[in-house]
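# Reading the structure
This is what each chain is made of:
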Amino acid sequence: MPSKSKRVLIFGDSHLASVRHADTAGLLELGTVDLEYWGAAGPAFRQIHFAKEALTPIKPETEEMVLQVNGNGRKTVAANDFDVFVFYGVRLRFTDFFAPYLTLMDGENTAVSDAVLTRAADTFLNDRRSVRMAAMLKKAGAGRVILAFAGFPVWGVVDHTLENRTLARFPDVTQATVASRQRIWQALEAGLAARGLELVMQPEDTITKGMFTDPAFAVADGVEREDAVHKAPTFAAKLLNSLQL
C-alpha cells in the first residue's frame, strides 16, 4: 500500500520566491509530500496575524496577495490544515543576534557564558513576531512547526562596510569561528525547542567570512539591485532538502 503524502506548507515572505523557483526547477527533494505555499511579501507580511486559531491576513489587500501566492483559494491556515509547517525566511533577522555575540565571543578580552547566551537567545526569540506566531500555531495543535533561516547577507554583492551595514557596526565579525557560530545556533535551537519548534540552521558550507553567505548563492540580479538579502534557488533547495519529512 503506497505511503500517504504528508501535507506540507511553506509559509513565508519575499524569500518564498527562491523556494518556488527551486520547486519549479526540480531542485527540491522532500519525498512524498503535498506541498503548498502561503504568505505575503513586503509590508503585507506584517498584516498576517495569528487570529481565531489560524494564520490570517487582516487586510483585504493582504488577503488578495495570500490567495495569489497560494493558488488554492486558502484564505487562512489552521493548525490541522497541514502535517508540517515550514516558516521560511519570515524576518527572523538572526544576523542581528549573531553579529554582536560573535564579536563578543571571539574577542581577545571578552567571553560569553552559556547562561548569558541562553537568556539572550530567549529574549531575542520573544521579540520575533514570526516565532510568536509559530508558537501559537503549535499550541493550537499543529504537528511539526519548523523555522528555516533564509541565510546571512551574501558576501561580495554590496559593500558591507557602508554606514548601518553589518561590517560598519561589527568589523571583526569576519573572524568569527565555526565553534562560536555553533554555540549560537545551539542556543537558538534550544530556545525554539522549548516552544515546541524546530530550527533549520544555515549549512556551514554556505557560510564565508565569519557570518556571510557564499556569493555562489547570490540571487541572479543581486549586484544590479544591491540585494544581498535574497538567495538563489540552489540555496533554498540546499536548506529545505536537509529536512527529514
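Notes on the structure follow. (Residues numbered from 1 in each chain as written. Predicted model: local features only at pLDDT ≥ 70, side-chain atom pairs only at ≥ 80, totals over all residues. Heavy atoms only, no water.)

## Section: the packing of helix H4 (residues 114-126) against helix H7 (residues 178-193)
Between two packed helices, what matters for the description is the angle formed by their axes and the separation of those axes. Put simply, the test is: Helix axes are fitted to C-alpha atoms over the stretch in contact, other axes to C-alpha atoms as well, and angles between N-to-C directions run from 0 to 180 degrees. The way it works is that DSSP assigns letters per residue, a run of H or I at least four long becomes a helix, a run of E at least two long becomes a strand, and they are numbered from the N terminus. In what follows, roughly perpendicular refers to angles from 65 to 115 degrees, roughly parallel to angles under 35, roughly antiparallel to angles over 145, and oblique to any angle outside these ranges. Crossing chirality is assigned from the near helix's rotation relative to the far helix, an anticlockwise turn below a right angle marking it left-handed and a clockwise turn marking it right-handed. Every residue pair with non-hydrogen atoms within 4.5 Å of one another is taken to be in contact. Side-chain classes are defined by residue name, with Ala, Val, Leu, Ile, Met, Phe, Trp, Tyr, Cys and Pro counting as nonpolar, Asp, Glu, Lys and Arg as charged, and the others, Gly among them, as polar.
Packing of H4 against H7 leaves a shortest axis separation of 9 Å and a crossing angle of 55°. Between H4 and H7, the angle is such that the two are oblique. H7 is crossed by H4, and the crossing has right-handed handedness. Only Arg183, Ile184, Ala187, Leu188, Gly191 and Leu192 of H7 make contact with H4, whose side of the interface consists of Asp114, Leu117, Ala121, Phe124 and Leu125. When the residues that make up the contact of H4 with H7 are grouped by side-chain class, the tally is eight nonpolar, one polar and two charged.

## Quick word on the side chain of Thr213
For clarity, the threshold we go by: Here the term buried applies to any residue with accessible area under 20% of the maximum for its type, exposed to any over 50%, and partly exposed to those in between, with areas from a 1.4 Å probe on protein chains only. Between N or O atoms, a polar contact is any pair within 3.5 Å; within protein, one atom must be a potential hydrogen donor and the other a potential acceptor, and residues adjacent in sequence are included only when both atoms are from side chains.
Locating Thr213 in the fold gives a position in strand S10 (residues 212-213). Overall, Thr213 belongs to the buried group, its relative accessible area being 0%. At 2.6 Å, the side chain of Thr213 forms a polar contact with the backbone oxygen of Phe152. Leaving out residues up to four positions away in the same chain, Thr213 has contacts with Gly151, Phe152, Pro153, Val154, Trp155, Gln202, Thr206, Thr208, Lys231 and Phe235.

## Brief notes about the layout of surface pockets
Test applied: Two kinds of site are reported from a 1 Å grid over the protein atoms alone, namely cavities, where a 1.4 Å probe fits but cannot get out, and pockets, open sets with protein on both sides within 12 Å along at least five of seven lines, and residues are called lining when an atom falls within 4 Å of a point. Grid points are joined across faces, edges and corners, and a volume is the space filled by probe spheres set on the points.
Roughly 670 Å³ of volume is contained in the largest pocket. Lining the largest pocket are 27 residues; nearest its centre among them are Arg93, Thr95, Asp96, Pro153 and Val229. Breaking the lining of the largest pocket down by element, the ones donating at least two residues are helix H3 (95-105) and helix H6 (166-169). The element contributing the most residues to the lining of the largest pocket is H3, with three residues. Split into classes, the residues belonging to the lining of the largest pocket amount to ten nonpolar, nine polar and eight charged.

## Description of the sheet that holds strand S8 (residues 198-200)
Worth spelling out the cut-off: By definition, two strands form a pair when at least two bridges between them are found by DSSP.
What the five strands build is an open sheet, ordered S2-S1-S6-S7-S8; its pairing is parallel. A strand with exactly one partner marks an edge of an open sheet, and here the two such strands are strand S2 (33-39) and S8. Direction aside, the axes of adjacent strands within the sheet are offset by 25° on average. In this structure, strand S7 (residues 144-148) lies alongside S8, joined through three bridges in parallel fashion. Looking at S8, one finds that Ala148 is bridged to Val200. On top of the sheet, helix H1 (residues 16-24) reaches strand S1 (6-12), S2 and strand S6 (84-88); it is set at about 150° to S2, its chief contact. Contacts between helix H5 (residues 129-139) and the sheet are confined to S1, S6 and S7, with S7 contributing the most and set at about 165° to the helix.

## Here's the deal with the nonpolar core
For clarity, the cut-off: Nonpolar core, defined: a set of buried Ala, Val, Leu, Ile, Met, Phe, Trp, Tyr and Cys residues in which side-chain atoms within 4.5 Å join the residues together.
Within the largest apolar cluster, 53 residues are counted, with the highest numbers of intra-cluster contacts made by Phe11, Phe87, Phe94 and Leu188. At the level of secondary structure, the elements contributing two or more residues to this core comprise S1, strand S3 (48-51), S6, H3, H4, H5, S7 and H7. The dominant element in this core, judged by the number of residues it contributes, is H3, at six residues. Those residues in contact with Phe87 that sit more than four places away from it in its chain are Phe11, Leu55, Ser130, Met133, Ala134, Leu137, Val145, Ile146, Leu147 and Ala148.

## Overview of the sheet that holds strand S4 (residues 54-57)
Strand order in the open sheet made by the three strands is S3-S4-S5, with antiparallel pairing throughout. If you trace the sheet from one side to the other, it starts and ends with S3 and strand S5 (77-78), each paired once. Bridging between S3 and S4 involves four bridges; their strand directions are antiparallel. Residue Ile48 lies in a different strand from S4, and its bridge partner there is Pro57.

## Considerations on the pattern of salt bridges
Short version of the rule: Counted as salt bridges are all cases of a side-chain nitrogen of Lys or Arg within 4 Å of a carboxyl oxygen of Asp or Glu.
Going through the model one piece at a time under the given rule, you end up with twelve salt bridges. Asp83 is the salt-bridge partner of Arg7, the closest N and O atoms lying 3.1 Å from each other. Here Asp83 lies in the loop between S5 and S6 and Arg7 lies in strand S1, a separation of 76 residues in the sequence. Owing to a relative accessible area of 29%, Asp83 belongs among the partly exposed residues under this scheme. For Arg91, the salt bridge identified is with Asp13, shortest N-O distance 3.9 Å.

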